[in-house]
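Survey of secondary and tertiary structure
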Amino acid sequence: MGGEHFGVLDGTYRIEPAGPGEVVLRLSSTHRLSTHFNFYASWWTDRVMSQIQRNILRVVKDRSEAAP
């Protein structure tokens, strides 16, 4: 996903132990923002990207915990 003013540069999943038989899945990403109003755009971009990542992780969680 990208364009003249915004681009996702990378995304990384990390699986971390959380206890016996449990793990935590973390998702992080790096993005590029190139506008004349970077402070304001950056604030919104960070929030939108965080929401997208939460939604992705919710889908992964729901699918991995669903009964076969």
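Preceding this section is the structure that the text describes.
Quick summary incoming for the structure in this document. None of the values given here were measured: they were computed from a predicted structure. (Residues numbered from 1 in each chain as written. Predicted model: local features only at pLDDT ≥ 70, side-chain atom pairs only at ≥ 80, totals over all residues. Heavy atoms only, no water.)

1. Things to note about the pattern of salt bridges
Inclusion rule: We count a salt bridge whenever a side-chain nitrogen from Lys or Arg sits within 4 Å of a carboxyl oxygen from Asp or Glu. Numbering of helices and strands runs from the N terminus, with a helix taken as a DSSP run of H or I at least four residues long and a strand as a DSSP run of E at least two residues long. Buried residues are those whose accessible area, probed at 1.4 Å on protein chains only, stays under 20% of the maximum for their type, while exposed residues exceed 50% and partly exposed ones sit between those limits.
Enumeration over the complete set of coordinates arrives at 3 salt bridges. Between R26 and E16 there is a salt bridge, with the nearest N and O atoms lying 2.8 Å from each other. Placement of R26 in strand 2 (residues 22-33) and of E16 in strand 1 (residues 6-19) is noted, with a sequence separation of 10 residues between them. R26 gets classed as partly exposed once you look at its relative accessible area, which sits at 38%. Classification of E16 as partly exposed rests on a relative accessible area of 26%.

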